[in-house]
Amino acid sequence: MPNPSPLITVAMPVYNGEKYLSDAVQSILSKTITDFEFLIIDDGSIDGSREMLRVFAARDSSIKLIERNNRGFSDTVNEIATLAMGRWFARMDQDDIALLNRFERQIHWLTQESADICGT
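Figured I'd write up the structure that's included with this text. (Residues numbered from 1 in each chain as written. Predicted model: local features only at pLDDT ≥ 70, side-chain atom pairs only at ≥ 80, totals over all residues. Heavy atoms only, no water.)

**Points about the packing of aromatic side chains**
Moving on, step 1. One pass over the full model with this rule turns up 1 aromatic pair.
Moving on, step 2. Both rings, one in phenylalanine 36 and one in phenylalanine 103, keep their centres 6.3 Å apart while their planes meet at 55°; by these two values the pair is tilted. In this pair, phenylalanine 36 sits in strand S2 (residues 36-43) while phenylalanine 103 sits in helix H4 (residues 102-113), placing the two residues 67 residues apart along the sequence. An identical accessibility class is assigned to phenylalanine 36 and phenylalanine 103; each is buried.
Moving on, step 3. Arginine 59 extends its terminal NZ or CZ atom over the ring of phenylalanine 56, reaching a point 5.1 Å from the ring centre. (Phe/Tyr/Trp six-rings, centres within 6.5 Å; stacked < 30°, edge-to-face > 60°. Helix = DSSP H or I, 4+ residues; strand = E, 2+ residues; numbered from the N terminus. Buried < 20%, exposed > 50% of the residue type's maximum accessible area, 1.4 Å probe, protein only. Lys NZ or Arg CZ within 6 Å of the ring centre and 35° of its normal.)

Laid out in structure tokens, this is it:
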């Protein structure tokens, strides 16, 4: 039975991010920690982002894709936060590339320091 509460919720708001989106999504899917949910909201993109995200979501069950009309960045991040099931919340921008061991290093540091938040 799958764990209903993943260790990490990865939150990615997307709006017209087609140029770098594939690399950003793939960098999350390649992580050394696999206990995560990947919440992506397409915030009304009018480029090829939505179609690209549909392909990724069809191939990987960790991706939970929500498509809707544009409401803006802050509303999108706040909506993802309300849907998050993970113990930890990790933000990811549509044009960022996450290092392979990003989550491992962050979780280790958070645990070691008894911290509630970290930024990189």
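**Structural notes on the pattern of salt bridges**
Moving on, step 1. Enumeration according to the criterion identifies 8 salt bridges in this entry.
Moving on, step 2. One connected set of salt bridges, linked through shared partners, spans Asp42, Arg50, Arg54 and Glu67. (Salt bridge = Lys/Arg side-chain N within 4 Å of Asp/Glu carboxyl O.)

**Focus on the packing of helix H1 (residues 18-29) against helix H2 (residues 49-59)**
Moving on, step 1. Relative orientation of the contacting elements H1 and H2 amounts to 20°, with a least axis distance of 10 Å. In terms of orientation, H1 lies roughly parallel with respect to H2. As for the relative orientation of H1 and H2, their crossing is right-handed in sense. Of H2, the residues touching H1 (which contributes Glu18, Leu21, Ser22, Val25, Gln26 and Leu29) are Ser49, Met52, Leu53 and Phe56.
Moving on, step 2. Of the residues in the contact of H1 with H2, the class split is 6 nonpolar, 3 polar and 1 charged. (Axes fitted to C-alpha atoms, helices over the stretch in contact; angles between N-to-C directions. Parallel < 35°, antiparallel > 145°, perpendicular 65-115°, else oblique. Left-handed = near helix turned anticlockwise from the far one by under 90°. Contact = heavy atoms within 4.5 Å. Nonpolar A, V, L, I, M, F, W, Y, C, P; charged D, E, K, R; others polar.)

**What to know about the nonpolar core**
Buried together is how nonpolar side chains tend to be arranged in soluble globular proteins.
Moving on, step 1. Core analysis: the largest hydrophobic core is formed by 24 residues, its most contacted members being Ile8, Val10, Met12, Val25, Ile28, Phe38 and Ile40.
Moving on, step 2. Listing elements by their share of this core, those giving two or more residues are strand S1 (8-14), H1, S2, H2, strand S4 (88-91) and H4.
Moving on, step 3. The contacts of isoleucine 40, once residues within four sequence positions are left out, are Met12, Val14, Val25, Leu53, Ile63, Lys64, Leu65 and Ile66. (Core = buried A, V, L, I, M, F, W, Y, C linked by side-chain atoms within 4.5 Å.)

**As for the pairing of S4**
Moving on, step 1. Of the two faces of S4, only the one carrying Trp88 and Ala90 is buried; Phe89 and Arg91 on the other face are not.
Moving on, step 2. In this sheet, S4 lies alongside S1 in parallel orientation, the contact comprising 4 bridges. Looking across to S4, one finds that alanine 11 is bridged to arginine 91. (Pairing = 2+ DSSP bridges.)

**Let's talk about the sheet that holds strand S3 (residues 63-68)**
The strands making up a sheet associate through backbone hydrogen bonding, with each pair oriented either parallel or antiparallel.
Moving on, step 1. Ordered in space as S3-S2-S1-S4, the 4 strands form an open sheet in which the pairing is parallel. Every other strand in the sheet has two partners, leaving S3 and S4 as the edge strands with one partner each. Here the average twist between neighbouring strands, direction ignored, is 20°.
Moving on, step 2. Of the pairings in the sheet, the one linking S2 to S3 comprises 6 bridges and is parallel in character. Residue pairing across strands places isoleucine 41 opposite isoleucine 66, the latter belonging to S3.
Moving on, step 3. Along the sheet face, H1 touches S1, S2 and S3 and points at about 165° away from the line of S2.

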